[in-house]
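Analysis of the macromolecular model
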Amino acid sequence: MSAPLLSATGISKTYAGGGRRIAALDNASITVGRGETLGLVGPSGSGKSTLARVLLRLIEPDAGRADFDGVDLLSLRGEGLRATRRRIQMVFQDPLAAFNPRATVGSALTDPLRIHRIGNGAEQPAAVARLLERVGLDPTFASRAIHEISGGQRQRVAIARAISTRPELIVLDEAVSALDVSVRAKILDLLVGLQREQGIAYVFVSHDLAVVRAISHSIAVMDAGRIVEHGPARDIVANPQSATGRALVAAVPRLLHA
Ligand SMILES: Nc1ncnc2c1ncn2[C@@H]1O[C@H](COP(=O)(O)OP(=O)(O)O)[C@@H](O)[C@H]1O
Ligand SMILES: [Mg+2]
């Protein structure tokens, strides 16, 4: 078996403020296979977003290490970090917060191409049109403003932006949680299709096991900053070993009888 794409080991992070210390991550370890989805599930406040942000190098952990395709991810600086950011992209819950709402879709998608020097100015409009088609939007969307398209369309644009640098990994934090059920299903289908075509791995963060189960190859269950179980998705859904896992499965009873 080939080495996993990402393995993070012993990640700890304590937030301090207002005289309180919160152990958001307590010795958390995960692995993500190449081209596979790791679902990261757990109740609100269990540390999912903190772990996602550590993997994205948006916050520094107090301890731990992470190996991304042989690269020591958490000690990258400068040019090495910039080069790796191209390989690990992100999609968050609220796409409106992730964009300048007055910007056009086209400029939002051109930014990463420019930042990472993908193609030149003459080639970028065609690249933007291709990206829009990949996520199921008409290329004429390039001239629309971010604020005038729907939430589902905006999340498609966020996904288009994430895939624009041809990443090997996308970290998605509650990326479909704000969408209504039918739009959510279409976005999940889009993510699965992109993974099949491009071999992208996902860390898919959600508090909702039903959603996580739908697209994950393996699942890590978090509670109070710890990974309380981690294994093949099917096993965890069929036979959860932790109290937290059992509670999450019990909250979606139809899964048990599917
Ligand atoms: N910037 C912060 N400062 C202080 N505490 C934080 C901060 N971000 C998160 N926390 C706390 O850390 C814990 C884990 O939060 P988070 O990673 O957002 O969990 P989840 O995404 O699973 O809901 C929670 O107790 C939360 O209140
Ligand atoms: Mg969160």
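Preceding block: the structure.
Each value, and the rule that gives it
Position numbers for residues count from 1 along each chain, tracking the sequence in the order it is written. Key to labels: chains lettered from A, ligands numbered from 1, both in the order written. Note on the predicted model: pLDDT of at least 70 is required for a residue's local features to be given, and 80 or more for side-chain atom pairs to be given and counted; whole-chain, interface and lining totals, by contrast, use all residues. Hydrogen atoms and water are omitted, and side-chain values are computed over all heavy atoms in the structure. Categorising residues by exposure relies on relative accessible area from a 1.4 Å probe, with only protein chains included: less than 20% of the type maximum marks a residue as buried, more than 50% marks it as exposed, and the intermediate range marks it as partly exposed. Runs of E in the DSSP output that reach at least two residues are strands. Runs of H or I that reach at least four are helices, and both are numbered from the N terminus. Strand pairing is defined by DSSP finding a minimum of two bridges between the two strands. The criterion for an aromatic pair is that two Phe, Tyr or Trp rings (for Trp, the six-membered ring) have centres within 6.5 Å, with stacked assigned to planes under 30 degrees apart, edge-to-face to planes over 60 apart and tilted to the rest. When the NZ atom of lysine or the CZ atom of arginine is within 6 Å of a ring's centre and also within 35 degrees of its normal, the charge is said to sit over that ring. Counted as a polar contact is a pair of N or O atoms within 3.5 Å, where, for protein atoms, one must be capable of donating a hydrogen and the other of accepting one, and residues adjacent in sequence contribute only when both atoms are in side chains.

1. A word on the pairing of strand β9 (residues 218-223)
- Burial analysis of β9 places 5 of its 6 residues in the buried class, which makes it a mostly covered element.
- Looking at chain direction, strand β3 (residues 37-41) and β9 are connected through 4 bridges and run parallel. Looking across to β9, one finds that Gly-39 is bridged to Ile-219.
- Two elements, β9 and strand β10 (residues 226-232), share 6 bridges in a ladder whose sense is antiparallel. Across the sheet, Ile-219 pairs through a bridge with Gly-231, a residue of β10.
- The turn linking β9 back onto β10 is made up of 2 residues, and Ala-224 within it adopts a positive phi angle of 50°.

2. A closer look at the sheet that holds strand β5 (residues 71-72)
- As summarised here, the arrangement of the 4 strands in space is β2-β1-β4-β5, forming an open sheet in which the pairing is antiparallel. Each of the sheet's edge strands pairs with one partner strand only, and the pair in question is β2 (20-32) and β5.
- Judged from the 9 bridges that link them, strand β1 (residues 6-17) and β2 form a sheet pairing that is antiparallel. For Ser-7, the partnering residue across the bridge sits in β2 and is Thr-31.

3. So, the packing of aromatic side chains
- One pass over the structure, following the stated rule, counts 0 aromatic pairs.
- Positioned above the aromatic ring of Phe-141 is the side chain of Arg-144, whose terminal nitrogen or guanidinium carbon lies 4.8 Å from the ring centre.

4. A few points about the side chain of Arg-57
- Mapped onto the elements, Arg-57 comes out in the loop between α1 (48-55) and β4 (63-68).
- With a relative accessible area of 10%, Arg-57 lands in the buried category.
- A distance of 2.8 Å separates the side chain of Arg-57 from the backbone oxygen of Leu-73, its partner in a polar contact.
- A distance of 2.9 Å separates a polar side-chain atom of Arg-57 from the backbone oxygen of Leu-76.

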